[in-house]
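Chains, contacts and geometry: an overview
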Amino acid sequence: MPSPTVIRRVIKPALFVLCALPFLSIVWAAFEIGGATLGTNPVEKVQDTFGQWGLRFLVITLAVTPVRDWFGQPWLVQLRRMLGLYAFFYVLMHFLTWLLLDQGLYWSGILEDISKRPFITIGFTALLLLIPLAVTSTNKMMRRLGKRWKSLHRLVYVISLLAVWHYYWQVKADTTEPLIYLGIVLVLLGWRGWQARMRPQRTVVSRPAPKSLGENLPDNP
Ligand code: HEM
């Protein structure tokens, strides 16, 4: 297990840069740096890239706890918040691209799409549900919410399913990719359900709220 200093000074900054690369690749292409371009349909390219990465980061965040347990690496949980916030960031960028570049802030069209196009309704619901998770991701909010924090953050299970459903519904022909995502999400959620069933019932003993999110993160989500 890496030392807390290595996690804080090396692993977390490196992960931060790594997670920003998809965003930077879009900025690069938008400014045509080094010959990169956004292709013939730039709005679609930007929107799809952000949507894909939003979904990937959601799934990666969901995988942290199982992977931690499968490989016996408890420190991995310290990276979960950053991954979750990146998921939110990419989904927000995906939404803003749609709102500003695709819809051009044409409000009646936007409201009509959200209410009448089911795949957009579902994507929008997933985005709305992500907001309280992002807002309560700080140490302070975690301490303030106590046990409710964990229950609230279980929303990520619903959000992941909605996100896959949104992807599945907007695909026109080949549904292979969304079905692969569905399979992965079901395995990750199924593992949690199985763990919960296997766990012996414990008497809840009240204990002081954790001082530092890094050292004392709750088990789930
Ligand atoms: C958790 C939330 C969301 C996730 C993970 C997500 C993810 C995705 C993914 C993976 C795609 C397919 C991209 C591709 O074809 O390569 C997509 C497409 C799309 N999403 Fe989302 N999305 C989310 C929320 C939203 C929201 C809030 C909106 C708008 C209100 C939206 C609007 C769209 C549209 C219009 C497309 C089709 C783009 C096209 O025609 O190429 N999504 N989304």
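That block above? That's the structure.
A short tour of the structure in this document, coming up. (Residues numbered from 1 in each chain as written. Predicted model: local features only at pLDDT ≥ 70, side-chain atom pairs only at ≥ 80, totals over all residues.)

**Observations concerning unusual backbone geometry**
Despite not being glycine, Glu32 shows a phi value in the positive range, around 50°. Within the element layout of this structure, Glu32 appears in the loop between helix H1 (4–30) and helix H2 (42–71). The phi dihedral of Leu105 falls on the positive side, at around 55°, and the residue is not glycine. One can find Leu105 in the loop between helix H3 (80–102) and helix H4 (107–116). (Helix = DSSP H or I, 4+ residues; strand = E, 2+ residues; numbered from the N terminus.)

**Brief notes about the packing of H3 against helix H5 (residues 118–135)**
Interaxial distance between H3 and H5 falls to 10 Å at its minimum, and their mutual angle equals 140°. Taken together, H3 and H5 sit at an angle that is classed as oblique. Here the hand of the crossing between H3 and H5 comes out left-handed. Seen from H3, the contacting residues are Gly84, Leu85, Phe88, Val91 and Phe95; seen from H5, they are Leu127, Leu130, Leu133 and Ala134. Class assignment of the residues belonging to the contact of H3 with H5 gives a composition of eight nonpolar, one polar and no charged. (Axes fitted to C-alpha atoms, helices over the stretch in contact; angles between N-to-C directions. Parallel < 35°, antiparallel > 145°, perpendicular 65-115°, else oblique. Left-handed = near helix turned anticlockwise from the far one by under 90°. Contact = placed C-beta atoms within 7 Å. Nonpolar A, V, L, I, M, F, W, Y, C, P; charged D, E, K, R; others polar.)

**Notes on the environment of Arg192**
As for its placement among the helices and strands, Arg192 is situated in helix H9 (residues 176–198). Overall, the presence of 18 C-beta atoms within 10 Å leaves Arg192 in the partly exposed class. Put simply, Arg192 and Pro66 are 126 residues apart on the chain and 7.7 Å apart in space, counted from C-alpha to C-alpha. (Buried ≥ 20, exposed ≤ 12 C-beta atoms within 10 Å, placed from the backbone.)

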